[in-house]
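# Commentary on secondary and tertiary structure
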Amino acid sequence: MTTYYSISDNIETIGEFQDEGVLHPKYQCQECGHAISPRFAQITGVCKFCQTGENDFEYLDQIFSVTIYTYDFRDHKITNAIDDVKEGEYADEMAEILEWGVNNLDSLREYDVLVPPPRGSRDASSNHMKKIGDRLSDRVDIPLEDCLRKSENYESQRSMDGASERWDNIDGNIECVRDFSSEPKVIVIDDVVTTGATLENCAEALIESGASKVVGLPIARTEYLDDLVEAEVYIPEDEIPEDERP
């Protein structure tokens, strides 16, 4: 038996993009970065996907997402802009959003290296996250290392139909082309995270190359509107205080 809590107050505005608010969930899963309810944050600190093992991060320590990407917000400027980020648009604006994350989420200011995911082609200029990362590096004074490559060709994650397909598509197909001797703490930056499969495979390659800790910092986390406004979030009954059980 389950019960549900509303998280209608789970949004704060952390800045502006083209005169529209950049929205950040106040309460997020301590593992994957999904929005969770205040009550759920107090009871477990993790979302239902991480609690049930659907998300299984072995190498990635945590995902810290800055803002939200939701299909329900098709008229929201930042959602539409993120669709254009892969084309090289809005690099300065997205670097500013990520800067907020470095400055405000956990102790990211103390990390040693920024790393973008592997580029989609041999043309380095096609790596939009390197372009954004260069600007972010200048803002936060953390060096950027473009050291991840695709070890095998795989389809775009956005072309995959579901979570399991995304994990299978990218599994073991990212490699790090340098070795770290100083055991750095690494932030992998990305545009949009849906399942975390790309970040986990980046983290695996980085850990095997000598990184001591890897976290993910996407510009946005894919969310559904119901997870943010007047949502119903699953909590197992045995984790609900007895006086609040139905």
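Figured I'd write up the structure that's included with this text.

### With respect to the environment of Asp146
Its location among the elements puts Asp146 in the loop between helix 5 (128-140) and strand 7 (148-150). Taking the C-alpha atoms as reference, Asp146 lies 9.7 Å from Arg178; in sequence the two are 32 residues apart. Non-local contacts of Asp146, meaning those with residues more than four positions away in its chain, are made with Pro116, Arg119, Asn127 and Lys130.

### Observations concerning the nonpolar core
By size, the foremost hydrophobic cluster in this structure holds 33 residues, and its most contacted members are Met94, Leu98, Leu108, Ile132 and Leu217. Of all elements in the fold, only strand 2 (11-17), helix 3 (77-85), helix 4 (91-104), helix 5, strand 9 (185-193) and strand 10 (213-222) reach the threshold of two or more residues within this core. Counting 27 residues, the second largest nonpolar core, distinct from the first, contains Ile36, Val46, Phe57 and Val186.

### A look at the packing of aromatic side chains
Within the structure shown, the criterion is met by one aromatic pair. Ring geometry for Phe17 versus Tyr90: centroids 5.4 Å apart, planes at 75°, classification edge-to-face. Residue Phe17 is found in strand 2, and its partner Tyr90 is found in the loop between helix 3 and helix 4; the two are separated by 73 residues along the sequence. In this structure Tyr90 comes out as partly exposed when scored by relative accessible area, which is 24%. Directly above the ring of Tyr111 sits Lys185, whose terminal nitrogen or CZ lies 4.8 Å from the centroid.

### Some points on the pattern of salt bridges
Scanning the model with the defined rule gives seven salt bridges in all. For Lys130, the salt bridge is made with Asp134, and the minimal N-O distance between the two is 3.0 Å. Here Lys130 and its partner Asp134 are both found in helix 5, four residues apart, which amounts to about one turn of the helix. Overall, Asp134 belongs to the partly exposed group, its relative accessible area being 32%.

### Side note on the packing of helix 4 against helix 5
Axis separation between helix 4 and helix 5 bottoms out at 8 Å; the angle between their running directions is 55°. Taken as axis vectors, helix 4 and helix 5 run oblique relative to one another. As helix 4 runs across helix 5, the sense of the crossing is right-handed. Where helix 4 approaches helix 5, its residues Ala91, Asp92, Met94, Ala95, Glu96, Leu98, Glu99 and Val102 are matched on the opposing element by Met129, Lys131, Ile132, Arg135, Leu136, Arg139 and Val140. Grouping the constituent residues of the contact of helix 4 with helix 5 by class yields nine nonpolar, no polar and six charged.

### Overview of the pairing of strand 10
Burial of strand 10 is extensive: nine of the ten residues sit out of reach of the surface. One ladder, built from two bridges, connects strand 4 (residues 62-63) with strand 10; its direction is parallel. When the sheet's bridge partners are listed, Ile63 is paired in strand 10 with Gly216. In this sheet, strand 10 lies alongside strand 5 (residues 67-69) in parallel orientation, the contact comprising three bridges. Within strand 10, the residue paired with Ile68 across the bridge is Arg221. As paired strands, strand 9 and strand 10 are joined by eight bridges and run parallel to one another. Bridging across to strand 10, Lys185 finds its partner in Lys213. Each parallel crossover has a hand, and for strand 9 linked through helix 7 (residues 197-208) to strand 10 it is right-handed.

What counts, and at which threshold
- Residues numbered from 1 in each chain as written.
- Predicted model: local features only at pLDDT ≥ 70, side-chain atom pairs only at ≥ 80, totals over all residues.
- Heavy atoms only, no water.
- Helix = DSSP H or I, 4+ residues; strand = E, 2+ residues; numbered from the N terminus.
- Contact = heavy atoms within 4.5 Å.
- Core = buried A, V, L, I, M, F, W, Y, C linked by side-chain atoms within 4.5 Å.
- Buried < 20%, exposed > 50% of the residue type's maximum accessible area, 1.4 Å probe, protein only.
- Phe/Tyr/Trp six-rings, centres within 6.5 Å; stacked < 30°, edge-to-face > 60°.
- Lys NZ or Arg CZ within 6 Å of the ring centre and 35° of its normal.
- Salt bridge = Lys/Arg side-chain N within 4 Å of Asp/Glu carboxyl O.
- Axes fitted to C-alpha atoms, helices over the stretch in contact; angles between N-to-C directions.
- Parallel < 35°, antiparallel > 145°, perpendicular 65-115°, else oblique.
- Left-handed = near helix turned anticlockwise from the far one by under 90°.
- Nonpolar A, V, L, I, M, F, W, Y, C, P; charged D, E, K, R; others polar.
- Pairing = 2+ DSSP bridges.
- Right-handed = clockwise from strand over helix to strand, strands pointing away.

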